[in-house]
Amino acid sequence: MRMNYLYDFYHTLLTDKQRKYIELYYLEDFAFSEIAEELEVTRQAVYDNLKRSKDLLEHYEENLGMYRNFVSRQSLMKRLREKLGQNEDEEITIILDELEALD
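In this text the structure is predicted, and so the values were computed from the model without any measurement.

Some remarks on the environment of Ile92
Now for step 1: Take Ile92: it is sitting in helix α6 (residues 90-102).
Now for step 2: With a relative accessible area of 29%, Ile92 lands in the partly exposed category.
Now for step 3: Taking the C-alpha atoms as reference, Ile92 lies 9.3 Å from Arg81; in sequence the two are 11 residues apart.

Shown next as structure tokens:
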């Protein structure tokens, strides 16, 4: 799940080749052998490219923190909704919904 979010946030920073490997493995649920066949490379090449791409996504997250901030915002909005409980008025609900829609 984390890798899917990292991909959502940082996919534009990857090369086409890196995006293809990530998409096939994490989004399409292809096995290494299926990716190797699809891209006409060895399974070792699939492993190596996925590892480098995953490490790169983690590096971007370490430096930019977009996923970390997203998780924090989601947690804060959930806590706010819980605190407001039954006292939540329509305007506050609309504002919270708008905040959630930004992500």
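Overview of the packing of helix α2 (residues 16-27) against helix α4 (residues 43-64)
Now for step 1: Put simply, α2 and α4 touch, their axes get as near as 9 Å, and they point 100° apart. Considering their axes alone, α2 and α4 lie roughly perpendicular with respect to each other. Facing α2, whose interface residues are Lys17, Gln18, Tyr21, Ile22, Tyr25 and Tyr26, α4 presents Ala45, Val46, Asn49, Leu50, Ser53, Lys54, Leu56 and Leu57.

Scoring rules and cut-offs
Residues numbered from 1 in each chain as written. Predicted model: local features only at pLDDT ≥ 70, side-chain atom pairs only at ≥ 80, totals over all residues. Heavy atoms only, no water. Helix = DSSP H or I, 4+ residues; strand = E, 2+ residues; numbered from the N terminus. Buried < 20%, exposed > 50% of the residue type's maximum accessible area, 1.4 Å probe, protein only. Axes fitted to C-alpha atoms, helices over the stretch in contact; angles between N-to-C directions. Parallel < 35°, antiparallel > 145°, perpendicular 65-115°, else oblique. Contact = heavy atoms within 4.5 Å.

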